[in-house]
Amino acid sequence: GHHWGYGKEDGPSAWHRQYPVAKGNRQSPIDIIPNEARRDSTLGPIFLKYDQCRSLNIANNGHSVVVEFDDSDDRSVVLGGPLDNPYRLKQFHFHWGGKGCEGSEHTVAGVGYASELHVVHWNAVKYKTYNDAAAAPDGLAVLGIFLELGDDHRWLHMITDALYMVKFKGSATDFKGFNPKCLLPSSLHYWTYLGSLTTPPLHESVTWIVLKEPIVVSEKQLGMFRMLQFNGEEEDQRMRMENNFRPPQNLKERIVRSSN
Ligand SMILES: COc1cccc(N2C=Cc3cc(S(N)(=O)=O)sc3S2(=O)=O)c1
Ligand SMILES: [Zn+2]
C-alpha cells in the first residue's frame, strides 16, 4: 500500500495522517540546546557491554541500512545513565543527508551534523518481545552518535565495503563479527531525554542517549551510503537513498538532562 518515505508526498510532514502520534508530546528528534540542558549529578555514566555481541546481518529496509544482532540473551547491553536496568542490543542504522548537506536527526543549538548513527536497545527485563518493548514508554534505549566530516574513519570501511551487497530495498547479507564499539567516540558524555522512534510507527518508547562527541568519517565514506537505493531491484524508479532524516520536533513539556 501507500508506504511512508522521505519524499515530498510521503515524507515527515505527511506521516501524521497514518501515524497521528507524529503530533504527540514526546516526539523525536529534537534540537538540543546545551545551555538549557539540566546538569544532573544523579545521572551516572553509561556502560556499553558489547564484547560478547554477535552481529548477524546487514540489510537495506528501504529507509536505511541496518545491522542486526543476536538478542536471544543479555550478551550485549547498555546500562547505567538514565536507565533502570540493562537494555539489550538489537540493531544499529544510520541517517544521512545529500552531498554537502546536513543529515543528522538531532541538532545541537540549531546545527546539524552530516549523519547520525542510532544504536537500538530494548528492555528485555520488563518486556517479553522486542515488539512489545518498541511500543512501551520505557521499552527502548537508543544511543545517538553524530558523524562529522573529516579524515577516513579507520573502521567504517567494514560497513561501507558491504553496502554494494545491499544496494536495493529488501536485500540482506551475512555480517558476522562486527562490534559497534569501534564506532564510538572517546567520550561517553551524553544528553538524555524521553522521546520516540524517529520513523513510523513513531512509538513514544525511546529513552534517548545522545553522545556529545561526534565521530569523524570522510566525505568519501559517507558518499558510499548514497549508492544505496530506497527502491527494490525490480522497481523502475531508481531513488538514491539520501536525506533519510526527520527534522527536529517540538520539545513540548520536556527537559534535556546532561551527564557530568
Ligand atoms: C512494534 O514496533 C516496532 C517493531 C519492529 C521495529 C520497529 N522499529 C521501527 C522504526 C524504528 C526507528 C528507530 S530510530 N530512528 O528512532 O532509532 S528504531 C526503530 S525500530 O524499533 O526498529 C518498531
Ligand atoms: Zn534512527
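The preceding data block contains the structure.
If you're wondering where the values come from, they're calculated on a predicted model, not measured in any experiment. (Residues numbered from 1 in each chain as written. Chains lettered and ligands numbered in written order. Predicted model: local features only at pLDDT ≥ 70, side-chain atom pairs only at ≥ 80, totals over all residues. Heavy atoms only, no water.)

Caption draft 1: Focus on the coordination of the zinc ion (ligand 2). Protein coordination at the zinc ion (ligand 2) comes from His 93 (NE2), His 95 (NE2) and His 118 (ND1), with a distance range of 2.0 Å. Taken together, the 4 donor atoms coordinating the zinc ion (ligand 2) and their angles of 98 to 115° define a geometry best described as tetrahedral. Each donor residue of the zinc ion (ligand 2) lies on one chain, and together they are spaced H-x1-H-x22-H. Of this pair, His 93 sits in strand 7 (residues 87-96) while His 118 sits in strand 9 (residues 115-122); the two residues are 25 residues apart in sequence, bridging distant segments of the chain. With a relative accessible area of 1%, His 118 lands in the buried category. (Donors = N, O, S within 2.8 Å, 3.2 Å for Na, K, Ca; no water. Tetrahedral: all angles 85-135°; square planar, octahedral: opposite > 155°, others 65-115°. Helix = DSSP H or I, 4+ residues; strand = E, 2+ residues; numbered from the N terminus. Buried < 20%, exposed > 50% of the residue type's maximum accessible area, 1.4 Å probe, protein only.)

Caption draft 2: A look at the site of ligand 1. Near ligand 1, the surroundings consist of 17 residues, among which Gln 91, His 93, Tyr 130, Thr 198 and Thr 199 are the closest. Between ligand 1 and the protein, one listed contact pairs an oxygen atom with a side-chain N or O atom of Gln 91 at 3.2 Å. His 118 places a polar side-chain atom, nitrogen or oxygen, 3.4 Å from a nitrogen atom of ligand 1. Those elements that place two or more of their residues in the shell around ligand 1 are strand 7, strand 9, helix 2 (130-134) and strand 10 (140-149). Residues of the shell around ligand 1, tallied by class, amount to 9 nonpolar, 8 polar and no charged. (Near = heavy atom within 4 Å. Polar contact = N/O pair within 3.5 Å; in protein donor to acceptor, adjacent residues only side chain to side chain. Nonpolar A, V, L, I, M, F, W, Y, C, P; charged D, E, K, R; others polar.)

Caption draft 3: The arrangement of the state of the cysteines in detail. Applying the stated criterion across every chain, the model contains 0 disulfides. Not part of a disulfide, Cys 182 finds its nearest cysteine sulfur in Cys 53, a span of 9.1 Å. (Disulfide = S-S within 2.5 Å.)

Caption draft 4: Region of interest: the environment of Pro 82. Inspection of the secondary structure puts Pro 82 in the loop between strand 6 (77-80) and strand 7. Judged by relative accessible area, which is 18%, Pro 82 ranks as buried. Pro 82 sits 40 residues away from Thr 42 along the chain, and the two C-alpha atoms are 8.8 Å apart.

Caption draft 5: The arrangement of the environment of Asp 73 in detail. Looking at where Asp 73 falls in the secondary structure, it is placed in the loop between strand 5 (65-69) and strand 6. Relative accessible area serves as the criterion here: at 28%, Asp 73 is assigned to the partly exposed category. Put simply, Asp 73 and Ala 124 are 51 residues apart on the chain and 8.8 Å apart in space, counted from C-alpha to C-alpha.

Caption draft 6: Examining the nonpolar core more closely. Counting 48 residues, the largest nonpolar core has Ile 58, Val 65, Phe 92, Phe 94, Leu 143, Ile 159 and Phe 225 as the members making the most contacts within it. If you list the elements that add at least two residues to this core, you get strand 3 (46-49), strand 5, strand 7, strand 9, strand 10, strand 13 (206-211), strand 14 (215-217) and helix 4 (219-225). For this core, the element with the highest residue contribution is strand 7, accounting for 5 residues. Residues contacting Ile 159, with those up to four places away along its chain left out, are Ile 58, Phe 92, Phe 94, Phe 175, Phe 178, Leu 183 and Phe 225. Residues Ala 37, Phe 146, Trp 191 and Tyr 193 belong to the second largest nonpolar core, which totals 21 residues. (Core = buried A, V, L, I, M, F, W, Y, C linked by side-chain atoms within 4.5 Å. Contact = heavy atoms within 4.5 Å.)

Caption draft 7: Representation of the side chain of Ser 104 in the model. Looking at the element boundaries, Ser 104 is found in the loop between strand 7 and strand 8 (107-108). At 2.8 Å, the side chain of Ser 104 and the backbone oxygen of His 106 are in polar contact. A polar contact is formed between the side chain of Ser 104 and the backbone nitrogen of Tyr 113, at a distance of 2.9 Å. If near-sequence neighbours (up to four positions away) are discounted, Ser 104 is found in contact with Gly 112, Tyr 113, Ala 114, Ser 115, Glu 116, Phe 146 and Phe 245.

Caption draft 8: Spotlight on the pairing of strand 4 (residues 55-60). Examined bridge by bridge, strand 4 and strand 5 share 5 bridges and lie antiparallel to one another. Counterpart to Ile 58 in the pairing with strand 5 is Val 67. Turn length for the strand 4-strand 5 hairpin, with the two strands adjacent in sequence and antiparallel, is 4 residues, and the turn residue Gly 62 shows positive phi of about 85°. When strand 4 meets strand 11 (residues 172-174), the two strands line up antiparallel, connected through 3 bridges. The residue of strand 11 that forms the bridge with Ile 58 is Thr 173. (Pairing = 2+ DSSP bridges.)

Caption draft 9: Examining the pattern of salt bridges more closely. Inspection of the entire model under this criterion finds 10 salt bridges. The salt bridge partner of Lys 90 is Asp 71, with a shortest N-O separation of 3.5 Å. Here Asp 71 lies in the loop between strand 5 and strand 6 and Lys 90 lies in strand 7, a separation of 19 residues in the sequence. Comparing Lys 90 with Asp 71 shows no difference in burial state: the two are buried. Close ionic contact of Arg 240 with Glu 242 constitutes a salt bridge, the shortest N to O distance being 4.0 Å. Overall, Arg 240 belongs to the exposed group, its relative accessible area being 51%. (Salt bridge = Lys/Arg side-chain N within 4 Å of Asp/Glu carboxyl O.)

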